[in-house]
Amino acid sequence: MDYFIELLFSGLTRGSIYALIALGYTMVYGIIGLINFAHGEIYMIGAFTAFIVATVLSIYGFPLLAIVIIAGVAAVVWAASYGYTIEKIAYKPLRHAPRLSPLISAIGMSIFLQNYVLLAQTSDFLPFPRLIRDFPFMEPIAHIIGSTDLVILVTTVVVMVILTLIIKFSMIGKAMRATSQDRTMATLVGINVNRVISMTFIIGSSLAAIGGLLIASHIGQINFYIGFLAGIKAFTAAVLGGIGSVPGAVLGSMILGLTESFATGYVSSDYEDVFAFSLLVLILIFKPSGLLGKATNQKV
Amino acid sequence: MAVFQELKKGVLISLWFVFLTFPVMVIKVDPIARTVTWRWMNALYMAVGTFIIYTLVQFFIKRRGRSKPASTQKEAGSSVIHRLLDNPRRRAMLFVVLAVAAIAFPQLLSSYQTNVMTTALMYVVLGLGLNIVVGLAGLLDLGFVAFYAVGAYTYALLNHHFGLGFWTILPVGGLLAACFGILLGFPVLRLRGDYLAIVTLGFGEIIRLVLENWGEFSKGPSGISNIARPSLFGMELDLHGSIVFNYYLMVLFVIFTIFVVNRLQNSRLGRAWIALREDEIACQAMGIDKHRTKLVAFSLGAFWAGLMGVVFAGKTTFVNPASFTFMESAIILAIVVLGGMGSIVGVILGALILILMPEYLRGLSQYRMLAFGAILVCMMIFRPQGLIANIRRTYVYKKTPNDAQAS
């Protein structure tokens, strides 16, 4: 039973990370209908920035709490800046191009960023500093749920609540929802669509950076290639939940995280990634609109 | 004043990029030795580089804006190759020159050069194969390398277990890859462009991961070695001989592929593909069987990849899953995009540029993938039609004497 609960929590932790990344995909897709292929790379850059800042600070002997806060803020700021810049360079000029053009551009961006980090840093796996210490009060249940898992779960819940509040009540959230419903109409009622799109990229990238920071301190190592797999899996989660739908992304991520966790725990860990990819292919074949997504009919 | 404004903007953008690339470019930490290296020079290079690139881009955008009315003239200039190909006598001359060069190549240059050229020619065929799927039919296939892997492993495994020869396996590998193409194509036909891209990507990764993990079947990550080289009518060739033979084989393959793809392009099927690419609904309204047309595109594209897979296994005598990563698909896609989607000459040129350039600029070869990524982005933004745009065949109505009488 303990094993089951352990797997359950490990699945929820995975799911939370996927959710943080998947939200970026789903929000961008909801607004400009583009699969932001470079999103996984933004997550990677967030993790890398956190790694660099945290290591530098720990070498210079800062206290742990300061390291966590500064590294977290740096990861979010830089990932958001990257997201914003990528949108301006690679997607904005292609807003009225045929559908495939921005997608190819996004793939190019993703390859470019991976190799940029590879060349500027290193191709080796780097040990990520342990930012989250074991809490004393977690001692009795530490064999079931680790302190890192708890932090990840709590952070994710907090972030989700904030995001929901932003989307529901803030001005920019309302503008986002309006833009995703009908971009032309949104322009007509005086919404600055370009600003909304930039904000979407900034928010999505910040979430991915938080995910990157959390997973890197959970796993304990990073390299330039982590974004690819994480990106594909988060995309799978977003599609599973119905791309374009925010609650769908969270639901899909949790389902994906749990199934992966149970599959590796009870079946075999060799085919973990094959499993995620197969799930993606199967969903797209049988229910391309996802669990909570709306089926759209193409009109002439 | 305007110049000053421009300058200010340029400086601001360079500063932004310096900020953006600061943690990754400037700081380098060694977590084990616990040392920090501050590479301030990189920030300076970044600033200067960004400023220059920004100025150049602005300059070109301005010039393009100014010469808008004369764009037809520019268009004509860019299609020198097309004009060359349109004139029958020049075309014949060009072909003769190319044929002589192709035949003389391995005799004049070392076997290393020949080997490099063979690889480039393989990518020409792969690019032409992907061109059917992406360029003509407009289906973005990011898992193209899966079919390449199918071909390579078909030859590797059948040769390893049953000792079957290259020439027997060549059609088998191609057909098996085509079957995989249908297998993948069948369920994903209903999907729209971007979903299709992701599914094909997933498929490509599944094939690679299965090859990596299913040790009893494929020997896992260590791969299969000692695959027989292709033989010439049962003759065993020495190393140099087989390199030269591989080269001529590839030349024949390229000619064959160009012939087939060219014929396909102007066939009923080829026009159906282009129609499908341009507008799916209108295409269906014209009575084209959408599903069948897409399936044929998929399987034909996969067929070429399968053939090349067999050639690849025969050429390197060793296959392992590491040769079939997503990056390989991305390289082939970059070839098609750079050359010009749907354009045969463009794809050939794209393959030669992208494969030969990093080979001869060895010092720059580590920047290869970086450049490929940048090429994909820049081509989409500045020249989506590619280096050599495909010119759609137009049929001109010629007035005959009968028409003149009638009117």
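Residues numbered from 1 in each chain as written. Chains lettered and ligands numbered in written order. Predicted model: local features only at pLDDT ≥ 70, side-chain atom pairs only at ≥ 80, totals over all residues.

## Some details on the overall build of chain A
Within chain A one finds 11 helices and two strands. Taken along the three principal axes of its C-alpha coordinates, chain A extends 60 × 45 × 40 Å. Within the span of chain A, comprising 300 residues, buried residues form 53% of the whole. Relative to all contacts within chain A whose residues are 6 or more apart in sequence, the contacts with residues 24 or more apart total 78%. (Helix = DSSP H or I, 4+ residues; strand = E, 2+ residues; numbered from the N terminus. Buried ≥ 20, exposed ≤ 12 C-beta atoms within 10 Å, placed from the backbone. Contact = placed C-beta atoms within 7 Å.)

## A word on the packing of helix α7 (residues 144-162) of chain B against helix α8 (residues 166-188) of chain B
All names here are of chain B. Between α7 and α8, the least distance of the axes is 8 Å, while the angle of their chain directions is 140°. Relative to α8, the element α7 lies oblique. Here the hand of the crossing between α7 and α8 comes out right-handed. Along its contact with α7, which presents F147, V150, G151, T154, Y155, L158 and N159, the element α8 presents I169, V172, G173, G174, L176, A177, F180 and G181. (Axes fitted to C-alpha atoms, helices over the stretch in contact; angles between N-to-C directions. Parallel < 35°, antiparallel > 145°, perpendicular 65-115°, else oblique. Left-handed = near helix turned anticlockwise from the far one by under 90°.)

## Quick word on the interface of chain A and chain B
Taken together, the contact between chain A and chain B spans 49 residues of the former and 44 residues of the latter. Broken down by secondary-structure element, the contributors of at least two residues to the side of chain A that touches chain B are α2 (39-59), α3 (64-91), α4 (100-120), β1 (126-127) and α11 (272-286) of chain A. The dominant element in the side of chain A that touches chain B, judged by the number of residues it contributes, is α4(A), at 15 residues. Within the side of chain A that touches chain B, the residues separate by chemical class into 35 nonpolar, 11 polar and three charged. (Nonpolar A, V, L, I, M, F, W, Y, C, P; charged D, E, K, R; others polar.)

## Thoughts on the domain arrangement of chain B
If you check the domain split of chain B, you get domain 1 (2-64) and domain 2 (99-382). When each unit is reduced to the centre of its C-alpha atoms, the spacing between domain 1 of chain B and domain 2 of chain B is 38 Å. (Domains from an automatic or database assignment.)

## Description of helix α17 (residues 368-382) of chain B
Compared with an ideal rise of 1.5 Å per residue, which puts 15 residues at 21 Å, α17(B) spans 20 Å between its outermost C-alpha atoms and is within 8% of the ideal. Summarising the contacts, the buried residues of α17(B) are in contact with α3 and α4 of chain A together with α15 (326-339) of chain B. (Expected span 1.5 Å × (residues − 1).)

## Things to note about the pairing of strand β2 (residues 35-38) of chain B
Walk down a regular strand and you will see the side chains alternate between the two sheet faces. All names here are of chain B. The sheet contact formed by strand β1 (residues 27-30) and β2 spans four bridges and is antiparallel. Directly across from K28, in β2, lies its bridge partner T37. In textbook terms, the turn of a hairpin is the stretch between consecutive antiparallel strands, and for β1 and β2 this stretch comprises four residues, one of which, R34, has a positive phi near 55°. (Pairing = 2+ DSSP bridges.)

## Quick look at the packing of helix α6 (residues 111-136) of chain B against helix α11 (residues 239-265) of chain B
Residue and element names in this part refer to chain B. Here α6 crosses α11 at 20°, and the two axes come no closer than 9 Å. When the axis of α6 is compared with that of α11, the two are roughly parallel. As α6 packs across α11, the resulting crossing turns out to be left-handed. Of the residues that constitute the contact of α6 with α11, the class distribution is 17 nonpolar, eight polar and no charged.

## Considering unusual backbone geometry
Even without being a glycine, T317(B) presents a positive backbone phi close to 55°. Take T317(B): it is sitting in the loop between α14 (290-316) and β4 (318-319).

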